[in-house]
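Architecture at a glance
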Amino acid sequence: MITNLGCGLNMIDFMLAILILIGAAFTFVGSLGLARLEDFYSRLHGPTKATTLGVGALLIASVLYFSTRGEGLSLHEILVTLFLFITAPVSAHLLSKAALHLRVHSVARPPAEAEDPIADQRGSSAAHPPEQAS
Amino acid sequence: MKHSLLPHPILTPVLALIWLLLVNSLAPGQIFLGLLLGWAIPIFTLRFWPERVYIAKPLTLLRFLAIVLYDILIANIAVAGLILAGTKQTRPAFVRVPLALRSDLGISLLANTVSLTPGTVSAWLSPDRSHLIVHGLQVHDPAALVSEIKTRYEAPIKEVFEPC
């Protein structure tokens, strides 16, 4: 194991520190986006993007730390990344869909058909069985 | 084939792998339990997954995953830069992406990918599933963005999950 050597331990600690700093910086910038960006839709970009790399770097640091404790490989942090990659886009999609219905102020001109609340009902009753659409 | 013993052959090893990651061990008992769960869960959730998932080209799928991971990395740096540069640099716009994908899985994968990659969030899916509305944070050329999404992400997804 590298950790048994004196200089090796320092090397791992150094890498851990770098990863945690990168993770913290990206998570901070992602949150900063919530305050700095102009409209609701732009603000959605912060949490879905900048934080995935932030959390990713923090989790790699966690894998490294627990794997070098001498208790074998620790990989269940991968699951956190997996679940984050599945849930973050879904919640962003639902938030923006709700925002389009409520006609939240937007810098870019929103598409007209998405703002029509009746279009959804009309469409869903016509195209509810997916087999018919194809 | 509705009542087969193995309704989703791909889901079984995936669930077993997730179980092993969850318990964080590779003991033979855990592998057995993982395979058992991977076999039982698809049977009990059969009605939730009516279509059988079929991967046509595993190599294309791997290349697609590599491209997406690389793009996520770039997207993070690009969006972080935009946030730090301030709102004067952003040019948000909505674009319409006409969909060639038809299956639930294909469309969800594309929408997820779009949300995770450079400066775009999928905002709305038309009720007839013919197009996806995408919000871009910095759009200079809407047509180029649409064609990039179609060639870079939609084409490989279609190749892997909806071969005709």
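Residues numbered from 1 in each chain as written. Chains lettered and ligands numbered in written order. Predicted model: local features only at pLDDT ≥ 70, side-chain atom pairs only at ≥ 80, totals over all residues. Heavy atoms only, no water.

Topic: the packing of aromatic side chains
As a reminder, the rule being used: Any pair of Phe, Tyr and Trp rings, taking the six-membered ring for Trp, is counted once the centres come within 6.5 Å. Such a pair is stacked with planes under 30 degrees apart, edge-to-face with planes over 60 apart, and tilted for the rest. When a residue's accessible area, from a 1.4 Å probe over protein chains only, is under 20% of the maximum for its type it is buried; when over 50% it is exposed; and in between it is partly exposed.
Using the criterion set out here, one finds three aromatic pairs over all chains in the structure. Centre to centre, the rings of Phe40 of chain A and Tyr41 of chain A are 5.7 Å apart; their planes meet at 90°, and the pair counts as edge-to-face. Residue Phe40 of chain A is classed as partly exposed on the basis of its relative accessible area of 27%. On the basis of relative accessibility, which here comes to 2%, the residue Tyr41 of chain A falls in the buried class. Judged by centre distance (5.1 Å) and plane angle (85°), the ring pair of Tyr65 of chain A and Phe66 of chain A falls under edge-to-face. Aromatic ring contacts, followed pair by pair, group Phe40 and Tyr41 of chain A together with Phe94 of chain B into a single cluster.

Some points on a nonpolar patch on the surface
All names here are of chain B. This is how it is decided: Exposure above 30% relative accessible area and the lack of any salt bridge qualify a residue for a patch; like charges then connect within 9 Å, and the nonpolar side chains Val, Leu, Ile, Met, Phe, Trp and Tyr within 5 Å. Computed with the Shrake-Rupley method and a 1.4 Å probe, the accessible areas treat only the protein chains shown as cover for residues. Between Lys or Arg on one side and Asp or Glu on the other, a salt bridge is scored when a side-chain nitrogen of the former is within 4 Å of a carboxyl oxygen of the latter. The way it works is that DSSP assigns letters per residue, a run of H or I at least four long becomes a helix, a run of E at least two long becomes a strand, and they are numbered from the N terminus.
A contiguous nonpolar patch, built from Phe32, Leu33, Leu36, Trp39 and Ile43 and spanning about 450 Å² of accessible area, is present on the exposed surface. Relative to the helices and strands, Leu36 resides in helix H2 (residues 28–44). Residue Leu36 is classed as partly exposed on the basis of its relative accessible area of 41%.

Some points on the UniProt feature "transmembrane region" (unreviewed entry) in chain B
Residues and elements named next belong to chain B. To keep it simple, the criterion reads: UniProt positions are given in the numbering used here, feature names are shortened, and annotations may be inferred rather than shown by experiment.
The residues that UniProt annotates with the feature "transmembrane region" (unreviewed entry) are residues 5–23, 29–49 and 61–85. Counted over residues 29–49, helix gives 76% and strand 0%. Its end C-alpha atoms are 28 Å apart. Here residues 61–85 runs as 100% helix and 0% strand, with 35 Å between its end C-alpha atoms.

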